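Residues per chain, in single letters:
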Amino acid sequence: MPTAASKFTAVIRRIPTGKVATYGQVATLAGLPKNARQVGTVLKSLPEDSGVPWHRVVNSQGHISERNSSTFEGLQRFLLEDEGVVFSESDRIDLNEHQWQPSRRAKH
DNA sequence: GTTATGACCCAAA
DNA sequence: GTTTGGGCCATAA
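Below is a summary of the structure that appears in this document. Source: prediction; values computed, not measured. (Residues numbered from 1 in each chain as written. Chains lettered and ligands numbered in written order. Predicted model: local features only at pLDDT ≥ 70, side-chain atom pairs only at ≥ 80, totals over all residues. Heavy atoms only, no water.)

Every residue close to DNA strand C is listed here: Ala4, Ala5, Lys34, Asn35, Arg37, Gln38, Thr41, Val42 and Arg92. Among atoms of DNA strand C positioned within 4 Å of the protein, sugar and phosphate together represent 60%. At a separation of 3.1 Å, a base nitrogen of DNA strand C approaches a polar side-chain atom of Arg37. Secondary-structure elements contributing two or more residues to the surface near DNA strand C are α1 (4-13) and α3 (36-45). If you tally residues by element for the surface near DNA strand C, the top one is α3, at 4 residues. Taken together, the residues that form the surface near DNA strand C break down as 3 nonpolar, 3 polar and 3 charged. (Near = heavy atom within 4 Å. Polar contact = N/O pair within 3.5 Å; in protein donor to acceptor, adjacent residues only side chain to side chain. Helix = DSSP H or I, 4+ residues; strand = E, 2+ residues; numbered from the N terminus. Nonpolar A, V, L, I, M, F, W, Y, C, P; charged D, E, K, R; others polar.)

See below:
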């Protein structure tokens, strides 16, 4: 059985360019609705070459989750803007407009 | 085996 | 709009 981390990454990989998903959404789609927090835990441990678009994952408020390093605090926003995501005045994303609305696919 | 930490969420005040 | 408190559980030490 796949680990929780691989389930999360599998979901995040499906996020299309120009869209974002919340941590809770990722957890729910992964089949683990209670593990929203673990998404962040896993993401911070992800290797660079994992191919996971971690920048497309934001919190419920549509705001970027800051980490300790100030180096990347603007990187996520930069990457998203480059993909066409627009930030509002309060540095927040209009979820109503940019949140990923996945199609119900019954496990293929 | 245990304890502490955390890129979270939600409801209530 | 803000603050407070509770819950949840993978990962690291």
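Here we come to the protein's contact with DNA strand B. Near DNA strand B there are 15 residues, and of these Arg37, Lys44, Trp54, Ser60 and Arg67 occur at the shortest range. Sugar plus phosphate: this is where 48% of the atoms of DNA strand B within 4 Å of the protein reside. Here Gln38 contributes a side-chain N or O atom positioned 3.2 Å from a base nitrogen of DNA strand B. Side-chain polar atom of Ser65 to a phosphate oxygen of DNA strand B: 3.5 Å apart, as the coordinates give it. Looking at the surface near DNA strand B, the elements with two or more residues in it are α2 (23-29) and α3. Of all the elements, α3 adds the most residues to the surface near DNA strand B, at 7 residues.

Another point: unusual backbone geometry. In the Ramachandran plot, Asp91 falls in the positive-phi region, its phi being about 60° despite a non-glycine side chain. Inspection of the secondary structure puts Asp91 in the loop between α4 (75-82) and α5 (95-98). We classify Asp91 as partly exposed; its relative accessible area is 38%. (Buried < 20%, exposed > 50% of the residue type's maximum accessible area, 1.4 Å probe, protein only.)

Here the focus is the pattern of salt bridges. The tally for this structure, following the rule as stated, stands at 3 salt bridges. For Glu81, the salt bridge goes to Arg77, with nearest N and O atoms at 2.9 Å. Of this pair, Glu81 and Arg77 both sit in helix α4, separated by 4 residues, roughly a single helical turn. By relative accessible area, which is 27% here, Arg77 ends up partly exposed. In this structure, Asp91 and Arg77 form a salt bridge, with 2.3 Å as the shortest nitrogen-oxygen distance. Here the residue Asp91 occupies a position in the loop between α4 and α5, and Arg77 occupies one in helix α4, the gap between them amounting to 14 residues. Because the salt bridges share partners, they merge into one network encompassing Arg77, Glu81 and Asp91. (Salt bridge = Lys/Arg side-chain N within 4 Å of Asp/Glu carboxyl O.)

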